[in-house]
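Listed below, chain by chain, are the residues.
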Amino acid sequence: MKKIILLSFCFLFIFCSNQMKLNKGKDVDIIFPSKYIDTQSTEKVTEEIIKNNTNNTYIIDPFGFYGKSYVLENGKVLEPYLYFKNGYYTRNDALCREDLIILQPFQTIHHAISLNKNNRAIYRYTKSNKYEEIIKSFHNKYNATILGCDNYIMELESKGYKVLEDSIVTKIPLNP
């Protein structure tokens, strides 16, 4: 019996250790499902685990996290190789209904989010060095409506929904 409990505990530890909570708030958890970002992988978009821990229904804009990000190379700030230009993206009501995440009470979903919409830097990596991405961004009603959706969000708020007000402050290892 002791072996079964010990084995179950080990699997639980292994499963949990490969994930990291990204946000500061307690009402909603945003969890990165891996222990690092694979910089070489272009095949699959990472879907974060988003979990509502309350009775409230939250509105989350997956493009609504704005802030500052940078990369450390062996503990020192790495200057970007170049910056990419990003066109202006605006949404009408139909796109708002497609883009915005409506997180029901106690619901857990897997959905890709942009951890920092401001980050437009491109870096060069060397296999022999250690890299980490530092992300400091926040999500609120203003950020959720920068790209549009004012009317749709007001409609949802009139039904009792709340726009997520939270911040991401994290350090994620990179695998070049």
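Residues numbered from 1 in each chain as written. Predicted model: local features only at pLDDT ≥ 70, side-chain atom pairs only at ≥ 80, totals over all residues. Heavy atoms only, no water.

1. Some thoughts on the sheet that holds strand β13 (residues 162–163)
Note the cut-off: At least two DSSP bridges between two strands are required for those strands to pair. Numbering goes from the N terminus for both helices and strands, where a helix is a DSSP run of H or I of at least four residues and a strand is a run of E of at least two. Residue contacts follow a heavy-atom distance rule, with two residues in contact if any of their heavy atoms lie within 4.5 Å. Angles shown run from 0 to 180 degrees and are taken between the N-to-C directions of axes, each axis being a line fitted to C-alpha atoms and, for helices, limited to the stretch in contact.
Taken in spatial order, the three strands line up as β9-β5-β13 in an open sheet, and their pairing is mixed. Lying at the two open borders of the sheet, with one neighbouring strand each, are β9 (101–103) and β13. When strand β5 (residues 58–60) meets β9, the two strands line up antiparallel, connected through three bridges. Residue pairing in the sheet places Ile 60 in a bridge with Ile 101 of β9. Along the sheet, helix α4 (residues 150–158) contacts β5, β9 and β13; its crossing angle with β5, the most-contacted strand, is approximately 165 degrees.

2. Digging into the side chain of Glu 48
Operational definition: Two N or O atoms form a polar contact when they lie within 3.5 Å of each other; inside protein one atom must be a possible hydrogen donor and the other a possible acceptor, and for residues adjacent in sequence the pair counts only when both atoms belong to side chains.
Note that Glu 48 resides in strand β4 (residues 48–52). Here Ile 113 takes part through its backbone nitrogen, which lies 3.1 Å from a polar atom of the side chain of Glu 48. For Glu 48, the residues in contact, after removing those within four places along its chain, are Leu 22, Ile 30, Ile 31, Phe 32, Pro 33, Ile 109, His 110, His 111, Ala 112, Ile 113 and Leu 115.

Any link to function would need more than the numbers given here.
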